[in-house]
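Geometric and topological summary
This is what each chain is made of:
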Amino acid sequence: MQNLTDRQEKILHLVVDDYVETAQPVGSRIITKRHSLGVSPATIRNEMAELEEEGYLQQPHTSAGRIPSDKGYRYYVDNLMEVEITTTKALQEIRRQYQKLNRDIENILHETVKLLAHITSYASVALTPDNKLWASGLPNIVNHPEFRDIDKIKAILEILEQEKILSGILRDEQAEDIHIGNENNMPQMKECSMVTAVYEIGGIPVGSFGVIGPTRMCYGRVLGAVRSVASSLKAKLLDLDQQ
(Lines give C-alpha, C1' and ligand atoms only; values in the text may rest on other atoms or scores of the structure.)
Protein backbone atom coordinates (compact mmCIF):
# COMPACT_ATOMS: atom_id res chain seq x y z
CA MET A 1 0.00 0.00 0.00
CA GLN A 2 1.49 3.30 -1.09
CA ASN A 3 2.38 6.09 1.30
CA LEU A 4 0.20 9.17 1.21
CA THR A 5 1.39 12.75 1.53
CA ASP A 6 0.96 14.48 4.88
CA ARG A 7 -1.99 16.46 3.51
CA GLN A 8 -3.66 13.38 2.08
CA GLU A 9 -3.23 11.56 5.38
CA LYS A 10 -4.79 14.50 7.22
CA ILE A 11 -7.74 14.60 4.83
CA LEU A 12 -8.26 10.83 5.01
CA HIS A 13 -8.11 11.03 8.80
CA LEU A 14 -10.74 13.79 8.82
CA VAL A 15 -13.02 11.95 6.39
CA VAL A 16 -12.90 8.79 8.51
CA ASP A 17 -13.49 10.67 11.77
CA ASP A 18 -16.34 12.77 10.37
CA TYR A 19 -18.01 9.81 8.68
CA VAL A 20 -17.77 7.65 11.79
CA GLU A 21 -19.34 10.45 13.81
CA THR A 22 -22.13 11.50 11.44
CA ALA A 23 -22.74 8.51 9.11
CA GLN A 24 -22.97 11.10 6.32
CA PRO A 25 -20.69 11.35 3.26
CA VAL A 26 -18.04 14.04 3.71
CA GLY A 27 -17.47 16.77 1.13
CA SER A 28 -14.61 19.24 0.68
CA ARG A 29 -16.70 22.16 1.92
CA ILE A 30 -17.58 20.32 5.11
CA ILE A 31 -13.90 19.70 5.79
CA THR A 32 -13.12 23.35 5.12
CA LYS A 33 -15.83 24.57 7.50
CA ARG A 34 -15.05 22.13 10.32
CA HIS A 35 -11.26 22.03 10.15
CA SER A 36 -8.45 24.50 9.55
CA LEU A 37 -6.16 23.03 6.93
CA GLY A 38 -4.99 26.34 5.49
CA VAL A 39 -5.95 25.44 1.92
CA SER A 40 -8.94 26.15 -0.31
CA PRO A 41 -11.95 23.87 -0.82
CA ALA A 42 -10.71 23.36 -4.39
CA THR A 43 -7.38 22.02 -3.14
CA ILE A 44 -9.13 19.70 -0.70
CA ARG A 45 -11.49 18.59 -3.46
CA ASN A 46 -8.55 17.75 -5.72
CA GLU A 47 -6.84 15.78 -2.95
CA MET A 48 -10.06 13.89 -2.24
CA ALA A 49 -10.39 13.08 -5.92
CA GLU A 50 -6.84 11.71 -5.86
CA LEU A 51 -7.65 9.63 -2.78
CA GLU A 52 -10.71 8.29 -4.57
CA GLU A 53 -8.71 7.46 -7.68
CA GLU A 54 -6.21 5.54 -5.53
CA GLY A 55 -9.03 3.61 -3.85
CA TYR A 56 -8.94 5.14 -0.37
CA LEU A 57 -12.27 6.94 -0.70
CA GLN A 58 -15.45 6.14 -2.58
CA GLN A 59 -18.44 8.20 -3.65
CA PRO A 60 -21.97 6.97 -2.93
CA HIS A 61 -24.24 7.28 -5.94
CA THR A 62 -26.62 9.67 -4.21
CA SER A 63 -24.08 12.04 -2.68
CA ALA A 64 -21.43 14.55 -3.69
CA GLY A 65 -19.41 13.64 -0.62
CA ARG A 66 -17.02 10.74 -0.07
CA ILE A 67 -16.81 7.91 2.41
CA PRO A 68 -13.84 5.68 3.29
CA SER A 69 -13.36 2.44 1.37
CA ASP A 70 -12.04 -0.73 3.00
CA LYS A 71 -8.61 0.31 1.74
CA GLY A 72 -9.06 3.72 3.33
CA TYR A 73 -10.06 2.24 6.65
CA ARG A 74 -7.09 -0.14 6.49
CA TYR A 75 -4.65 2.72 5.92
CA TYR A 76 -6.30 4.64 8.75
CA VAL A 77 -6.07 1.71 11.16
CA ASP A 78 -2.47 0.86 10.26
CA ASN A 79 -1.07 4.39 10.08
CA LEU A 80 -3.33 7.07 11.54
CA MET A 81 -5.54 5.63 14.26
CA GLU A 82 -5.00 6.50 17.89
CA VAL A 83 -6.15 3.82 20.34
CA GLU A 84 -8.49 5.46 22.83
CA ILE A 85 -7.98 4.91 26.53
CA THR A 86 -11.07 3.30 28.01
CA THR A 87 -12.85 5.66 30.38
CA THR A 88 -12.31 5.30 34.12
CA LYS A 89 -16.00 4.53 34.55
CA ALA A 90 -15.84 1.70 31.99
CA LEU A 91 -12.63 0.32 33.52
CA GLN A 92 -14.24 0.27 36.94
CA GLU A 93 -17.22 -1.59 35.52
CA ILE A 94 -14.96 -4.12 33.81
CA ARG A 95 -13.04 -4.82 37.01
CA ARG A 96 -16.21 -4.94 39.10
CA GLN A 97 -17.83 -7.47 36.78
CA TYR A 98 -14.79 -9.74 36.75
CA GLN A 99 -14.48 -9.63 40.53
CA LYS A 100 -18.03 -11.00 40.83
CA LEU A 101 -17.41 -13.99 38.55
CA ASN A 102 -16.76 -17.50 39.78
CA ARG A 103 -14.23 -20.04 38.47
CA ASP A 104 -16.39 -21.30 35.62
CA ILE A 105 -14.71 -20.42 32.30
CA GLU A 106 -17.98 -20.63 30.40
CA ASN A 107 -19.58 -18.08 32.70
CA ILE A 108 -16.52 -15.83 32.53
CA LEU A 109 -16.61 -15.72 28.73
CA HIS A 110 -20.39 -15.29 28.67
CA GLU A 111 -20.05 -12.24 30.88
CA THR A 112 -17.10 -11.05 28.79
CA VAL A 113 -19.20 -10.76 25.61
CA LYS A 114 -22.05 -9.08 27.47
CA LEU A 115 -19.61 -6.57 28.93
CA LEU A 116 -17.96 -5.81 25.59
CA ALA A 117 -21.30 -5.39 23.84
CA HIS A 118 -22.41 -2.99 26.56
CA ILE A 119 -19.35 -0.73 26.56
CA THR A 120 -18.91 -0.65 22.76
CA SER A 121 -22.59 -0.65 21.65
CA TYR A 122 -21.70 -3.24 19.01
CA ALA A 123 -22.05 -7.03 18.95
CA SER A 124 -19.54 -9.23 20.74
CA VAL A 125 -18.60 -12.90 20.40
CA ALA A 126 -16.28 -15.31 22.17
CA LEU A 127 -15.14 -18.87 21.56
CA THR A 128 -14.55 -21.06 24.63
CA PRO A 129 -11.73 -23.65 24.85
CA ASP A 130 -14.26 -26.41 24.05
CA ASN A 131 -15.52 -24.47 21.00
CA LYS A 132 -18.77 -23.20 22.46
CA LEU A 133 -19.73 -19.81 21.04
CA TRP A 134 -21.09 -17.00 23.18
CA ALA A 135 -22.60 -13.90 21.56
CA SER A 136 -24.19 -10.74 22.90
CA GLY A 137 -25.43 -7.41 21.59
CA LEU A 138 -26.59 -8.64 18.19
CA PRO A 139 -29.54 -6.20 18.21
CA ASN A 140 -26.98 -3.37 18.51
CA ILE A 141 -26.13 -3.92 14.84
CA VAL A 142 -29.64 -2.85 13.82
CA ASN A 143 -29.16 0.57 15.43
CA HIS A 144 -26.58 1.69 12.86
CA PRO A 145 -27.95 3.58 9.84
CA GLU A 146 -26.04 1.61 7.21
CA PHE A 147 -28.05 -1.45 8.22
CA ARG A 148 -31.51 0.04 7.82
CA ASP A 149 -31.76 -1.83 4.53
CA ILE A 150 -33.73 -4.95 5.42
CA ASP A 151 -31.77 -7.19 3.04
CA LYS A 152 -28.44 -6.10 4.50
CA ILE A 153 -29.43 -6.61 8.09
CA LYS A 154 -31.09 -9.93 7.29
CA ALA A 155 -27.89 -11.26 5.68
CA ILE A 156 -25.72 -10.09 8.57
CA LEU A 157 -28.00 -11.46 11.29
CA GLU A 158 -28.12 -14.80 9.50
CA ILE A 159 -24.32 -14.99 9.66
CA LEU A 160 -24.19 -13.86 13.27
CA GLU A 161 -26.68 -16.55 14.21
CA GLN A 162 -24.65 -19.33 12.56
CA GLU A 163 -22.35 -20.58 15.28
CA LYS A 164 -20.32 -22.78 12.94
CA ILE A 165 -19.24 -19.84 10.76
CA LEU A 166 -18.40 -17.51 13.64
CA SER A 167 -16.62 -20.30 15.49
CA GLY A 168 -14.49 -20.94 12.41
CA ILE A 169 -13.51 -17.28 12.22
CA LEU A 170 -12.58 -17.06 15.87
CA ARG A 171 -10.78 -20.41 15.83
CA ASP A 172 -8.35 -19.07 13.24
CA GLU A 173 -7.34 -16.08 15.35
CA GLN A 174 -3.77 -16.19 16.65
CA ALA A 175 -3.32 -12.64 17.98
CA GLU A 176 -4.99 -9.26 18.24
CA ASP A 177 -6.35 -8.38 14.83
CA ILE A 178 -8.75 -6.14 12.91
CA HIS A 179 -10.68 -7.46 9.89
CA ILE A 180 -12.26 -4.77 7.72
CA GLY A 181 -15.11 -5.34 5.28
CA ASN A 182 -14.10 -7.68 2.48
CA GLU A 183 -11.10 -8.86 4.50
CA ASN A 184 -13.62 -11.11 6.27
CA ASN A 185 -13.79 -13.31 3.14
CA MET A 186 -17.55 -13.69 3.41
CA PRO A 187 -19.89 -11.68 1.18
CA GLN A 188 -22.42 -11.34 4.00
CA MET A 189 -19.80 -9.67 6.19
CA LYS A 190 -18.55 -7.13 3.66
CA GLU A 191 -20.34 -4.32 5.51
CA CYS A 192 -18.81 -5.35 8.85
CA SER A 193 -15.52 -5.17 10.69
CA MET A 194 -14.23 -7.37 13.51
CA VAL A 195 -11.75 -6.47 16.25
CA THR A 196 -10.46 -9.62 17.93
CA ALA A 197 -8.06 -10.78 20.63
CA VAL A 198 -6.97 -14.14 22.01
CA TYR A 199 -6.87 -15.31 25.61
CA GLU A 200 -4.61 -17.84 27.31
CA ILE A 201 -4.80 -20.43 30.04
CA GLY A 202 -1.50 -21.56 31.48
CA GLY A 203 0.34 -19.48 28.91
CA ILE A 204 -1.29 -21.32 26.01
CA PRO A 205 -3.77 -19.59 23.64
CA VAL A 206 -7.05 -21.48 23.99
CA GLY A 207 -9.68 -19.17 22.49
CA SER A 208 -10.54 -15.74 21.19
CA PHE A 209 -13.16 -13.04 21.47
CA GLY A 210 -14.01 -9.81 19.75
CA VAL A 211 -16.38 -7.11 18.63
CA ILE A 212 -18.41 -7.00 15.41
CA GLY A 213 -19.79 -3.77 13.99
CA PRO A 214 -20.13 -1.83 10.76
CA THR A 215 -17.03 -0.86 8.80
CA ARG A 216 -17.97 2.66 9.96
CA MET A 217 -16.64 1.63 13.35
CA CYS A 218 -14.84 3.75 15.89
CA TYR A 219 -11.77 1.54 15.62
CA GLY A 220 -9.64 3.34 18.18
CA ARG A 221 -12.36 3.20 20.84
CA VAL A 222 -13.22 -0.43 20.15
CA LEU A 223 -9.60 -1.59 20.13
CA GLY A 224 -9.07 0.24 23.42
CA ALA A 225 -12.09 -1.54 24.90
CA VAL A 226 -10.97 -4.94 23.61
CA ARG A 227 -7.51 -4.43 25.09
CA SER A 228 -8.94 -3.35 28.44
CA VAL A 229 -11.22 -6.37 28.62
CA ALA A 230 -8.40 -8.64 27.43
CA SER A 231 -6.20 -7.36 30.25
CA SER A 232 -8.86 -8.00 32.91
CA LEU A 233 -9.73 -11.38 31.40
CA LYS A 234 -6.05 -12.36 31.44
CA ALA A 235 -5.76 -11.41 35.10
CA LYS A 236 -8.91 -13.35 35.95
CA LEU A 237 -7.76 -16.49 34.13
CA LEU A 238 -4.25 -16.21 35.62
CA ASP A 239 -5.80 -16.02 39.06
CA LEU A 240 -7.84 -19.15 38.34
CA ASP A 241 -4.78 -20.96 37.02
CA GLN A 242 -2.86 -20.25 40.22
CA GLN A 243 -5.61 -21.40 42.56
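Residues numbered from 1 in each chain as written. Predicted model: local features only at pLDDT ≥ 70, side-chain atom pairs only at ≥ 80, totals over all residues. Heavy atoms only, no water.

Counting across every chain of the model gives 0 disulfides. In this structure Cys192 is a free cysteine whose sulfur lies 16 Å from that of Cys218, the closest cysteine sulfur available. (Disulfide = S-S within 2.5 Å.)

The strands making up a sheet are joined through hydrogen bonds of the backbone, oriented either antiparallel or parallel. The strand order β4-β3-β7-β6-β5 describes an open sheet built from 5 strands, whose pairing is antiparallel. Each having just a single partner strand, β4 (133-136) and β5 (177-180) make up the two edges of the open sheet. Strand after strand, the sheet turns through a mean of 20 degrees between neighbouring axes, direction not considered. Judged from the 4 bridges that link them, β5 and strand β6 (residues 192-201) form a sheet pairing that is antiparallel. From the neighbouring strand, His179 faces β6, where its bridge partner is Met194. (Pairing = 2+ DSSP bridges. Helix = DSSP H or I, 4+ residues; strand = E, 2+ residues; numbered from the N terminus. Axes fitted to C-alpha atoms, helices over the stretch in contact; angles between N-to-C directions.)

In this structure, Gln162 sits in the loop between α7 (150-160) and α8 (163-171). Residue classification places Gln162 among the partly exposed positions, given a relative accessible area of 38%. (Buried < 20%, exposed > 50% of the residue type's maximum accessible area, 1.4 Å probe, protein only.)

The biggest cluster of nonpolar side chains holds 52 residues, and the ones touching the most others in it are Leu12 and Phe209. Among the elements that line this core, the one with the most residues is helix α9 (residues 219-242), at 10 residues. One finds Leu127, Leu133, Ile156 and Leu170 within the second-largest nonpolar core, a separate group that totals 19 residues. (Core = buried A, V, L, I, M, F, W, Y, C linked by side-chain atoms within 4.5 Å.)

A cluster of acidic residues, Asp17, Glu21, Glu82 and Glu84, forms a negative patch on the protein surface. Relative to the helices and strands, Glu84 is located in the loop between α4 (70-80) and α5 (88-100). (Patch = residues over 30% accessible without salt bridge, like charges linked within 9 Å, V, L, I, M, F, W, Y side chains within 5 Å. Areas by Shrake-Rupley, 256 points an atom, 1.4 Å probe, with all protein chains shown as cover. Salt bridge = Lys/Arg side-chain N within 4 Å of Asp/Glu carboxyl O. Lys, Arg positive; Asp, Glu negative; His and termini not counted. Charge placed at Lys NZ, Arg CZ, Asp CG, Glu CD.)

Moving on, we come to the confidence of the model for the protein chain. Per-residue pLDDT for the protein chain averages 89, and the proportion of residues at 70 or more is 98%. When mean pLDDT is taken per element in the protein chain, α4 scores highest with 97 and α7 scores lowest with 77. (pLDDT = per-residue confidence, 0-100.)

A word on the pattern of salt bridges. What the rule picks out here adds up to 8 salt bridges. Asp18 serves as the salt-bridge partner of Arg34, at 3.4 Å between the closest nitrogen and oxygen. With Arg34 in helix α2 (residues 28-34) and Asp18 in helix α1 (residues 6-22), this residue pair connects regions lying 16 residues apart in the sequence. On the basis of relative accessibility, which here comes to 46%, the residue Arg34 falls in the partly exposed class. Note on Asp18: relative accessible area 5%, which makes it buried.

To continue, consider the packing of aromatic side chains. One pass over the structure, following the stated rule, counts 2 aromatic pairs. Consider the rings of Tyr56 and Tyr75, whose centres lie 5.6 Å apart with planes at 85 degrees: the pair is edge-to-face. Taken as a pair, Tyr56 in the loop between α3 (41-53) and β1 (57-58) and Tyr75 in helix α4 lie far apart in primary sequence, 19 residues in all. Assigned by exposure class, Tyr56 and Tyr75 land together as buried. (Phe/Tyr/Trp six-rings, centres within 6.5 Å; stacked < 30°, edge-to-face > 60°.)

Time to look at the pairing of β4. As judged from the 4 bridges shared by strand β3 (residues 123-127) and β4, these two strands associate in the antiparallel manner. Each residue of the ladder has a partner; that of Ala126, found in β4, is Trp134. The loop that links β3 with its antiparallel partner β4 comprises 5 residues; one of these, Asn131, has a positive phi angle of about 70 degrees.

Turning next to the side chain of Thr86. As for its position among the elements, Thr86 is in the loop between α4 and α5. A relative accessible area of 12% places Thr86 in the buried class. At a separation of 3.2 Å, a polar atom in the side chain of Thr86 contacts the main-chain carbonyl oxygen of Gly224. In this structure, Thr86 is in contact with Leu91, Gly224, Ala225 and Ser228, ignoring residues within four places of it in sequence. (Polar contact = N/O pair within 3.5 Å; in protein donor to acceptor, adjacent residues only side chain to side chain. Contact = heavy atoms within 4.5 Å.)

Let's shift gears to the side chain of Glu106. One can find Glu106 in helix α6 (residues 105-120). Put simply, Glu106 is tucked away with no salt bridge, and the nearest opposite charge, on Lys132, sits 5.3 Å away. Those residues within four positions of Glu106 in sequence are excluded, and the remaining contacts are Thr128, Asp130, Lys132 and Trp134.

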